[in-house]
Structures are given as structure tokens and as C-alpha cells.
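Take a look at the letters that make up each chain.
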Amino acid sequence: MTVRPNPEAPIVGSAPHELRANLNFSERGLSNSMAAYWAICGLMRQHGGGTTVETEIPWTVEPHPAAPVDDDEEPMESVEISLYYGTDDDGNPAGKIAPHPEFDLSQDRGMWEPRINVEGFGERKADFHVRPRYAGMEHVDTGTDIASPFDHDHQPDRGYNVHVEGSNLEPDEYLHVLQHACKALAEDVDENWGDDRFGEPLPTSNIIQYERYLRLSRKLSEKLTRQGGAFHSLAMLLSDQAGSKGAFFWDNRDVQGHMSRLLHDSSSSGTMIPGHQHGGQLKSYHPENVHSDPEDPLYYPKFGALYTGQMNQVTLNDSTASWSERHELGRELEERLVNVLAWSGIPIDPDALGAETEEGVGAFVEDWHFRAEPTDLAPELADDPTPAIERSQESMIVRSLQRMTNSGLDLTEQLIADGGHARYDDLADGAEVSASTVYRWLQRMGKAVESDNGVITFHSANLREQFQEIVGRTATQFVSTIDHAMRRADTVLEKDAYQRTAGDAFENWRQKWDAEVVDDGEVLELGTCLPHPDRGSEAPVDAGDVTKDGLEAWTDAGRGPGMFPQTVHWHDEAGDPHREDPNELIQAAKTDRVPEGVRKLAERTFAGLDVVDAISEVKRMIDAGAGWSADEIQLAVEEAGFDIDVRDAAEPDFEIPETPG
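Residues numbered from 1 in each chain as written. Predicted model: local features only at pLDDT ≥ 70, side-chain atom pairs only at ≥ 80, totals over all residues. Heavy atoms only, no water.

Within helix H4 (residues 230-238), seven of the nine residues are buried, which leaves it mostly tucked inside the rest of the structure. Within the span of H4, buried status applies to Ala230, Phe231, Leu234, Ala235, Met236, Leu237 and Leu238. (Buried < 20%, exposed > 50% of the residue type's maximum accessible area, 1.4 Å probe, protein only. Helix = DSSP H or I, 4+ residues; strand = E, 2+ residues; numbered from the N terminus.)

If you want it as C-alpha cells, here you go:
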């Protein structure tokens, strides 16, 4: 589970956005199970085919602070109610359901399908399409069967359906609004409307779409939509899951993150957050016409989680959610929102500050429906799933490297050069090898590559990127890796027969480096071949770096530093064994050379600045969500000669130290 700095701090809640549902009713307690349907049709006649009524109905949720309320003890919402029905090209009611022979209706006219629209405060609105239902329905013009849940033996044979569409209302508000709308329409013609209408929907009622959202500051929302952000990382890594479906769309035309959408099916939902069962869409988006006034809430993007069955021809759920699941579904959507925020490093406290460059703007921006207030849904915080997914992909790389040959290196390079996908014969020609060599290479690469109808691709885009980084070394270095680096490494998949949790930092580290604690906790075995830190290797990582990271992961996982193994055993890149005191390895890592990239960052960004400008540059990089980690920025400012704590420098009350002489 994700650990927050203050576990007792509140978690921001979300607001409802869109909802579409089919609610089925059969009023068994009344003499006529379709009584509400007939009553609405009667109102249609009395109103001469339709009407509009302005009235007030009781709020069932706490009104928005901007909503006009006359009585705080019994707040009422001003609404406009429209009753109407659609018509066909000839002006006749558009319903196409033939009347049941027992109904006293003309058999050559479709039954009425009244519609009620309710417009409330802000953009609160609800549309209700009321349709008759009975077993064995037929199309009035063609005579073809019209199937419905009322055909089933275990269901009532008569009733009615209410198709609901709306926005910015909680699910439980819709039937309340419908009941009061019908009551107002009845009172307008001096009729009574029974309080027992629209009771509990039948079990066949379901939810078609349901979205919850919150509104973020622009700067923080970039952590979701930028390269390497949450959407990009999840899209890259979830695409590796066998049997999953999804898609990633982006639009940065007018502003960064104008619209970013990640579609994920139900299996991917469970991968992201254990226990989640519903697929859908994560979406960060501005209005179609991007707003330019920071005082306007619409200047800031929405971040929403949507449940839906299908989108962009991608099936996301094999079955619909029952109306009885609406509360649990809402909790799951909100849980998904706050978890993705937490994984992105975005604060989830409703009172959290925004980026410093957006002065006066909090992390969350209220609008006419979303309020930055604590949730009452008690969402659980799960671990970021990407490390666990990365571990499984790293294991594919380890397995492939163990089996690599020189011709395999050529084929891997050629597949990368071809963009990660190529026909096998083109691949063989480009690498100047035979088709049988390609076949043997495919076997050695295991799950890292796939062949479908003669087209070979990497298992995922993330794997292609990692292989590209590895193959980017010189041939001598790579062959050395083939010959020695994996000599003692068993694959993680073969070595661990059980699944480790993503939340244990040391287990994440251990699996990454194929390490084991042996000899009753006294010895740390590094399964990966690594250079000795004192031998002047040009490799980017040595045994000192790995041991230092291991101790940090050990303490992050809650283990006492005094219990860390007293000996580290590993083999270097030549296959020679080493046994060292971890303290000496860690000290060597601390005094090791500054990475070239960090050195260039120090020279290019911080060299020659005074301390005030250096602090300003640190803040700018943090606010901009730069690709550098806090530790790398810390190394760079230290390399430039500044005694600055990067994390403290981001705070507004930071005390400015002396400029280095």
C-alpha cells in the first residue's frame, strides 16, 4: 500500500459527471404494473402534447456554495422541466413499439415514449426517456421482435423502462429528480402524483456509462500527460499484459495535455489496482476551445475516470454493471483517480498547494460542481503498479540476454532499426543471416518478441526501448555482456515462484538485480555481474551503486539498517568473484565519479550562477516537471559548488545560504 507522509490527512473527493443507465420497473404493488407509464402519457395529453414548467425541488445533496438557497434548513433547487416526445417525419410520435393486443389502443400506431428534461443549477441536467415494456414486443411497422428483459421467465411480463442520461448529479439523485418533475407536471394541471412511483428498479437495470472527475491545476496536470507521466507509463506498460485491450490517445495542439485519453479493459484495471473489476477510460482534458483566463475554472483541465462498455471500437467490459453496483462502481472510479494522482507525485489532500509558478492556485480547482473537499468514500491507496510490471519485462530481457549470440545481436539491432516490427525474411536479409537463424533467435528471445503471420515485433514498446538502450553500447561491450554479465543470473521468473508485492522497496530492488540474502542474513548475493567500483570501469553502474541503492531500499521497506547483510558477494564482468564489506562498497559509491549527464547539467545550468539564481533554477525545474530526479538535481547543484538541499529549496520559507566562493 502507498504510504503517505501524513496517513491521517484527508483525501480529496471527486464529483459525478456523466451518467447513462437503463432502469426497468414493474409496479407490483399497484393494480397496473405500468401505472407510472400510463400516468405520464396522461399528463402528455392534458398538457396538449408537451409543456415547460419552472419550479423548485428539494436538494438531496449539499448544494454548491454558489447555488442560490433561500432556506438553509430545507434548501430547494430551481429547475426547468420540459415534457415532450419525439416525432417522426410525418409529425407522429416516434415510438415504434406495437401496442399489446390487450391494450385499448390503435394497433397501427406505435406506443408513446414520453421524454422529460430537467435543467437545474449550473450544468446539472437529467433526461428521462420513458418506454413501455412487455413480453413479446413487436415493431409496429415491420412486425419484427423487440427483445427486452421482460421476455425472461424469471422477470415480470409487463412494466416500463426509463433510459436515463445526465450530468453532474449523483446516481441516487436521478429518480428523486424524476419523481419531483412528474409531481410538478401533475400539479400544473391540478392532478395528484403518487409518492410510491419509481421505487426500486428491477435487477435487470444496468449502467451504460458513469464518470467521476476532479479539476487540477494546469502545472500539476502535466505530470499526468507529459512524456514519462502517468498516462504514458501506464500505456507503455499495460500494453504488455497478455489478453488485455486498450488504447492511448493524445492531443497537444493548443496546449500541453489538451486531451489525453487512456482506454483500459477490465483486466488492466485489476493490474493497476487489485480488486478493480471494471474497464474504462482515464482522461485529462480541456474544453474544445481552450480558455485563457486563469480566473475561469475552465482554464484548468478536468481529470476523469469513466466506466463504459466500449469506446473507439475497443471492448472494455464484457458485461454491464448492474444499477445495484452504482455505489461500489463510483468508489472504484474515485479510487482510480486518487491513486493515479498519488503515483504521479500529485498531492491528494484537498487543501494541497499547487505549483509555485501558479501563484494562488491550489492543487485542485473548484468549479460549479467539483469541490475540493474530503471524500466520504474511503478510497484505498494501492502501490504504483509500474515497478511490478517493469520487473516482469526486465526478466524477459535477462532471459533473452542469457541466450544471446552474435548473430542474435545482429538480428536484435536490425529489428530495432526497422522500428520494432519487420517481416522475418526482411529481417534475415537486413542482418545477413538465414531464415533458420531467425527461427533459432526467436526461440532464444522467448517472450521478448512475438511472431504473427511472419511479422516479428517486440512484446511491448517498453521492451523495444530497453533493448535499444542496451544495444546502443559498442559491440565489444555488448559481447562482454553476453559472455559474462548473465553468467550467474537466473531469470527472475524462474527463480521466484511467488509474486512479490510492488510496495516492498527492497523486494523491488532485489528482483531487479536478482539478489538474494543467504547464510542466515549475513551475506547478500548479487546475481547480476557488476564491475568493482575501484577498478575504473566505464560502466554506468557498479557493485557500489547497486549496494548503496539496496541499503536505501532496505530502510525504505522498514528494515533496520543494522540488520543489513555484512558481506556482499558478486561476480564482475569478467566472471571473477568478489566478497566485500557493504560499507566500503557504499563509501566507494558515494565518492564515485559524478555521472556525465549530471556533470553536464551542473555546467550548463548551475555553473556561474549566484545562490539566489541557482535556487530559482531548482524551483523552475521542479515546477516544470523536468526529467531529472531530485537526487540528480541535488548532485548537480553540489557539483556546481552550492550547499543547497533541493527539497528544502522548493519550500517558500527556505533560508538562502552563502554563495560559494
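Turning next to the confidence of the model for the chain. Averaged over every residue, the pLDDT of the chain is 82; the share at 70 or more is 82%. Scored below 50 in pLDDT, residues 479-503 makes 59 contacts in the model with residues more than four places away or belonging to other chains. A low-confidence stretch, residues 652-659 (pLDDT under 50), is modelled with 15 contacts involving residues beyond four sequence positions or located in other chains. (pLDDT = per-residue confidence, 0-100. Contact = heavy atoms within 4.5 Å.)

To continue, consider helix H6 (residues 326-343). Taking 1.5 Å of rise per residue, 18 residues should cover 26 Å, and H6 covers 26 Å from first to last C-alpha, within 8% of that figure. Burial analysis of H6 places 15 of its 18 residues in the buried class, the great majority of the element. Directly beyond the C-terminal end of H6, a positive phi value near 80° is found at Gly345. (Expected span 1.5 Å × (residues − 1).)

Moving on, we get to the packing of aromatic side chains. According to the stated counting rule, one finds 14 aromatic pairs in the structure shown. Relative to Phe564, the ring of Trp554 lies with its centre 5.4 Å away and its plane at 90°, an arrangement referred to as edge-to-face. Note that Trp554 is positioned in helix H15 (residues 543-556) and Phe564 in the loop between H15 and strand E22 (567-571), a separation of ten residues in sequence. Exposure class is identical for Trp554 and Phe564. Each is buried. Three or more aromatic residues link up through ring pairs in this structure, and these residues are Phe25, Tyr160, Trp193 and Phe198. Seen from the ring of Trp112, Arg45 lies directly overhead, with NZ or CZ sitting 5.1 Å from the centre. Just above the ring of Trp193 sits the side chain of Arg197; from NZ or CZ to the centre is 4.9 Å. (Phe/Tyr/Trp six-rings, centres within 6.5 Å; stacked < 30°, edge-to-face > 60°. Lys NZ or Arg CZ within 6 Å of the ring centre and 35° of its normal.)

Turning our attention to the environment of His291. As for its position among the elements, His291 is in the loop between strand E12 (280-285) and strand E13 (302-308). Spatially, the C-alpha atoms of His291 and Pro301 are 9.8 Å apart, while their sequence positions differ by ten residues. Polar contacts involving the side chain of His291 include one to the side chain of Asp296, which spans 2.7 Å. (Polar contact = N/O pair within 3.5 Å; in protein donor to acceptor, adjacent residues only side chain to side chain.)

If you walk across this open sheet you meet the four strands as E20-E21-E22-E23, and the pairing is mixed. Two strands in the sheet have a free side with no partner beyond their single neighbour: strand E20 (515-518) and strand E23 (577-580). Each strand axis lies, on average, 20° off the axis of its neighbour in the sheet, ignoring direction. As paired strands, E20 and strand E21 (residues 523-526) are joined by four bridges and run antiparallel to one another. Paired with Ala515 across the two strands is Leu526, which belongs to E21. (Pairing = 2+ DSSP bridges. Axes fitted to C-alpha atoms, helices over the stretch in contact; angles between N-to-C directions.)

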